[in-house]
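# Observations on the model geometry
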Amino acid sequence: MENSPAVLSIILFLAITFFVIPFASPSPQSSLWKGSSLSVEVDSDILVSPDESFTFGFHRIGNNAYALSIWFSNSANKTIAWTANRDHPVNGLGSSVTLRKDGALVLTDVDGTVVWSTNTSSTQADQAQLLDTGNLVIEDPQGNVLWQSFDSPTDTILPTQPITKSKKLISSMPGGSVSSGYYSFYFDNDNVMKLMYDGPQVSSIYWPNPDYNIWQNGRYNYNSSRYGVLDESGTFQSSDRLSFSASDSDMGSVIKRRLTLDYDGNLRLHSLNNSTGLWSVSWEALPNLCDVHGLCGRNGICVYNTQKPMCACPFAYEVSALSDWGEGCKPMFNISCEDSQQLRFVELKKTDFWGFDINHTSSVPLDACLELCQKDCTCVAVSYKMGSGDCYTKSALFNGRTAPDFPGSLYLKLPLNFDTSDMYVLQVHEPICNAANATEATVAAPKYVEIASSRTKWTYFYWFISAFGLIEIFFIVFGWWFASKNGTKPTSIEEGYKLIARQFKRFTYKELKKATGNFKNKLEREGSRAVYSGVLEDERVVAVEKLDDIIPNEAFWAEVSVIARINHMNLVRIWGFCSEHSHRFLVSEFMENGSLDKHLFDGGHSSAGFLGWKERFQIAVGVAKGLAYLHHECLEWVIHCDVKPENILLDSDFEPKITDFGLAKLADRGGAHSKISKVRGSRGYMAPEWALNLPITAKVDVYSYGVVLLELLMGSRASDWKMEGEDREEEQVQEEELELELLGLVRMLKGKLGGTEDSWIDDFVDARLIGQFNHRKATVMVEIAISCLEENRSNRPTMDSVAQMLIALDDESTSHGEHSYSVMYPE
Ligand SMILES: *[C@@H]1O[C@H](CO)[C@@H](O)[C@H](O)[C@H]1NC(C)=O
Ligand SMILES: *[C@@H]1O[C@H](CO)[C@@H](O)[C@H](O)[C@H]1NC(C)=O
């Protein structure tokens, strides 16, 4: 019996070995050994580099379409660094990658076809290993590298991965795709690294700047070694003396980086934030994306805006294919080469198209330049620079762009009888809203794979439009003038703006009449406009708003142009408009719960229903977000100018949506001379600068928002506020007095906030809430409102920061376990 402890321990040891160890989770492999494979169906069939920064395996790129890729393990959106089969996705069932006995690494599809393989058959290859650098290498037992993924980059190079004579980066298609796009980054025959667009119709080099020579671009073409590499601290250097560093290069190799030729044709260095998994751009080749060629297709113009480029069609041209702006625009006219056809030219200011010059002449007057084009049947337009008199006749229009600093104009050739009575429809598409993020977006399947019953059949659909490919509209002023019958003298200048958008419909009067049952159900809303509810043929419930007959054409189009572009959950979505003779309507989504004023000020006795604390806070946040979107996001220049409870509608969940962009004004982007002269907005909500005749900025909305915020807390009009003890008579309140009331209220609140006592907030907040509100939130909301109501507008916060403060406030209280409750108003 002396032996029993030893026997026991042996049994125990065996038990651990056989039972426990097999159940311990296997640490991920970094190698695939000869004879083994990874299967597409098994999620754990991956290789992970020893330091876990890279993963190799199957990656879903679409509906039943998979790619064999290496990605950054730590990136939030599975950022791909390399793909074996970028243009040949495999099936989600039955596909696998195997290191065969003969030494080749082979990717096979469900039916056994070899989709991709390495050239290592009949070698001693022993294992495929994923290294910490993100390089997948195939080695023999002695450790010699027989093949490596670093030798065949796709759209990305990683630190230490050289780019050489025979290697090029090829961009991916937009929309989160991995398939090959049209842009490449490579060493050209002159030893210089270039970016080229090689599209279906044309190709051209756009970087370094094609208007300058190699020397002017700071490059060097006598070193034929053609070698470039990004080092681990974020500095790229190549034999043509191209050299740049990441903006975070001072942080060295701690940061993971990649140099990617993004789908939009820009070459960017991206840095990974390890804690968030998100990328930021730490260097880019082209600060102005409109310098990239091929973005907007034939005849298309890249419009250089404040932050992002958009594609537009020139006057008398229309978009070729709505689904693909890369196809550009087609003319809406025909020019024959017969002598008898009379022509004229239309000027597109600050616009140029790069390339396709028939002829260049210097120091010629405009008349003579236009005549050159008029006589030449192959000429479609001329580019003319006023000062130098440079005249370029063009045989085709590609790579168009407008830039505020371009010192010339483009003159388009049109038949004299081209009908201009129709409004000029300028369609603008936003190819990229946020280029840096767009590449990381995982969106709709770029490829669609359909499996037929007997054998595998592939059907590919490409979505060329970008991840954020909203068709947006935008309007520009194009001046145009006629050449007279004799062809040369300008006779008149007209400017016009018109627009339309996809998904933004022009309704006929008949359609609206039908939808609203002959304008039967009028909604109760304040303001000058009648609003009817209706149901469209596709069963969407809509609100149909009648616009003033007397609104001048220009104002109508200005309004339509603003609202058509708007797409945010806190802004009322406009589905379309109608303009037939004097009938003008806007068609928008229907908001079940009507406008905020009904809920807030009707004493809770109306059928509208009473708002609890939770709803009020939600409304405060939502309105702030909506305004922040208008002011700061994709539409930087929109100012609402009339923020008030009447213009805040509530949906079935009491989510607020801002409406009535009737007064919205495209802010002058230069900022220097605002053209808003007439006072707009509503009494009691107007910022002092209206009265002071100062330029109007987005800060007028911040002011009005401050008033609304106070009213959400008080449950009554801020302008109805009375000083304690003051007994105001019912009298006609003058505008100045309204302002004084507001000033008094602000002064009182400032005093209370500065004081030590904090019970005042109970008196201030709507008594109908019977104390059911969050004190801390309410106090901070008062503070925010007060800062929004600063007399000096530069002291007011931006809507963006207001929204952030409120969101932070909400997070803080939820993490402290605040209950959400709603209050029923006692009958
Ligand atoms: C050519 O480029 C290579 C790689 O960048 C570099 O090592 C070499 O010194 C260069 N030669 C000359 C003559 O500049
Ligand atoms: C990563 O992101 C977090 C959160 O946005 C930020 O606080 C931090 O500074 C970032 N780190 C780096 C290295 O940029």
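In this text, all values refer to a predicted model and were calculated from it rather than measured experimentally. (Residues numbered from 1 in each chain as written. Chains lettered and ligands numbered in written order. Predicted model: local features only at pLDDT ≥ 70, side-chain atom pairs only at ≥ 80, totals over all residues. Heavy atoms only, no water.)

The next point concerns the overall build of the protein chain. Helix and strand counts for the protein chain stand at 13 helices and 50 strands. The buried share of the protein chain, taken over its 827 residues, is 52%. With an accessible surface of roughly 38,300 Å², the protein chain has 51% of that area assigned to carbon and sulfur atoms. (Helix = DSSP H or I, 4+ residues; strand = E, 2+ residues; numbered from the N terminus. Buried < 20%, exposed > 50% of the residue type's maximum accessible area, 1.4 Å probe, protein only. Areas by Shrake-Rupley, 256 points an atom, 1.4 Å probe, with all protein chains shown as cover.)

All right, on to unusual backbone geometry then. Here the bond from W207 into P208 is cis, since omega is 0 degrees, no more than 30 degrees from zero. Even without being a glycine, S363 presents a positive backbone phi close to 50 degrees. Within the secondary structure layout, S363 lies in the loop between strand 31 (357-361) and helix 2 (366-375). We note that F654 has phi near 60 degrees; this positive angle belongs to a residue other than glycine. For F654, the position within the fold is in the loop between strand 48 (648-650) and strand 49 (656-658). Take F654: its relative accessible area is 19%, and that puts it in the buried class.

With that out of the way, let us pick up the packing of helix 7 (residues 613-632) against helix 9 (residues 699-714). Interaxial distance between helix 7 and helix 9 falls to 10 Å at its minimum, and their mutual angle equals 175 degrees. Regarding the angle of helix 7 to helix 9, the classification is roughly antiparallel. Only D701, Y705, L709, L712 and L713 of helix 9 make contact with helix 7, whose side of the interface consists of W613, R616, I619, A620, V623, A624, L627 and H631. By residue class, the composition of the contact of helix 7 with helix 9 is 10 nonpolar, 1 polar and 2 charged. (Axes fitted to C-alpha atoms, helices over the stretch in contact; angles between N-to-C directions. Parallel < 35°, antiparallel > 145°, perpendicular 65-115°, else oblique. Contact = heavy atoms within 4.5 Å. Nonpolar A, V, L, I, M, F, W, Y, C, P; charged D, E, K, R; others polar.)

On a regular strand, each side chain points to the face opposite its neighbour's, so the side chains alternate between the two faces of the sheet. Of the two faces of strand 10 (residues 127-130), the one carrying Q127 and Q129 and the one carrying A128 and L130 are both buried. Of the pairings in the sheet, the one linking strand 1 (residues 31-33) to strand 10 comprises 3 bridges and is antiparallel in character. If you follow S31 over to strand 10, its bridge partner there is Q129. Looking at chain direction, strand 10 and strand 11 (residues 136-139) are connected through 4 bridges and run antiparallel. Paired with L130 across the two strands is L136, which belongs to strand 11. Following strand 10, the chain reverses through 5 residues before pairing antiparallel with strand 11; G134 in that reversal takes a positive phi of roughly 95 degrees. (Pairing = 2+ DSSP bridges.)

Looking now at the packing of helix 7 against helix 12 (residues 775-788). Following both chains from N to C, one finds helix 7 and helix 12 inclined at 35 degrees, their axes separated by 12 Å at the closest point. When the axes of helix 7 and helix 12 are compared, the crossing they make is left-handed. For the pair helix 7 and helix 12, the contacting residues are W613, F617 and A620 in the first and K777, A778 and M781 in the second. When grouped by side-chain class, the residues that make up the contact of helix 7 with helix 12 number 5 nonpolar, no polar and 1 charged. (Left-handed = near helix turned anticlockwise from the far one by under 90°.)

What follows is about the nonpolar core. L596, Y705, L745, F764 and L806 are the most contacted members of the largest nonpolar core, which has 66 residues in total. Y206, W207, L230 and C290 belong to the second-largest nonpolar core, a separate cluster that totals 33 residues. (Core = buried A, V, L, I, M, F, W, Y, C linked by side-chain atoms within 4.5 Å.)

In this structure, strand 8 (residues 105-108) lies alongside strand 9 (residues 114-117), joined through 3 bridges in antiparallel fashion. Bridging from a neighbouring strand, L107 pairs with W116 of strand 9. Connecting the antiparallel pair strand 8 and strand 9 is a turn made up of 5 residues, with G112 showing a positive phi of about 90 degrees.

Okay, the sheet that holds strand 13 (residues 156-157) next. By definition, the strands of a sheet pair up through backbone hydrogen bonds, in either a parallel or an antiparallel sense. With respect to topology, 4 strands assemble into an open sheet ordered 13-22-23-24, the strand pairing being antiparallel. At either margin of the open sheet sits one strand with a lone partner, and together these are strand 13 and strand 24 (279-284). Alignment of strand 22 (residues 257-261) against strand 23 (residues 267-272), held across 5 bridges, turns out to be antiparallel. Along strand 23, the bridge assignment pairs R258 with H270.

Turning to the state of the cysteines, a few remarks are in order. This model, assessed by the stated rule, comprises 4 disulfides. Disulfide partner of C290: C302, at an S-S distance of 2.1 Å. Torsion about the S-S bond of the C290 and C302 cystine: about -75 degrees, corresponding to left-handed handedness. With C290 in the loop between strand 24 and strand 25 (301-304) and C302 in strand 25, this residue pair connects regions lying 12 residues apart in the sequence. For the residue pair C290 and C302, the accessibility class agrees, reading buried in each case. Linked covalently through their sulfurs, C373 and C379 form a disulfide whose S-S length is 2.0 Å. An S-S torsion of about -100 degrees defines the bridge between C373 and C379 as left-handed. (Disulfide = S-S within 2.5 Å.)

This brings us to the site of ligand 1. Neighbouring residues of ligand 1: N223, S225 and S239. At 2.3 Å, a side-chain N or O of N223 approaches an oxygen atom of ligand 1. Within the contact set of ligand 1, an oxygen atom lies 3.2 Å away from a side-chain nitrogen or oxygen of S225. For ligand 1, the accessible surface in isolation is 360 Å², of which the surrounding protein chains cover 37%. (Near = heavy atom within 4 Å. Polar contact = N/O pair within 3.5 Å; in protein donor to acceptor, adjacent residues only side chain to side chain.)

Relative to the assigned elements, L649 resides in strand 48. On a C-alpha basis, the gap between L649 and T659 in space is 6.9 Å, while along the polypeptide they are 10 residues apart.

Our next topic: the environment of N273. Topologically, N273 is positioned in the loop between strand 23 and strand 24. Looking at N273, the relative accessible area reads 36%, which means it is partly exposed. Put simply, N273 and K256 are 17 residues apart on the chain and 7.9 Å apart in space, counted from C-alpha to C-alpha.

This brings us to the sheet that holds strand 15 (residues 169-172). The 4 strands are arranged 15-16-17-18 in an open sheet whose pairing can be described as antiparallel. Each edge of the sheet is formed by a strand with only one pairing partner; in this case those strands are strand 15 and strand 18 (203-207). Averaged over all neighbouring strand pairs, the angle between strand axes comes to 30 degrees, with direction disregarded. Sheet topology places strand 15 next to strand 16 (residues 180-187); 3 bridges connect them, and they run antiparallel. Paired with I170 across the two strands is S184, which belongs to strand 16.

For the rest of this paragraph, the subject is helix 9. Helical periodicity: at 3.6 residues per turn, an α-helix aligns residues three or four positions apart in one direction. Compared with an ideal rise of 1.5 Å per residue, which puts 16 residues at 22 Å, helix 9 spans 23 Å between its outermost C-alpha atoms and is within 8% of the ideal. Within helix 9, 16 of the 16 residues are buried, leaving the element largely enclosed by the surrounding structure. Following helix 9 by one or two positions, G715 adopts a phi angle in the positive range, close to 75 degrees. (Expected span 1.5 Å × (residues − 1).)

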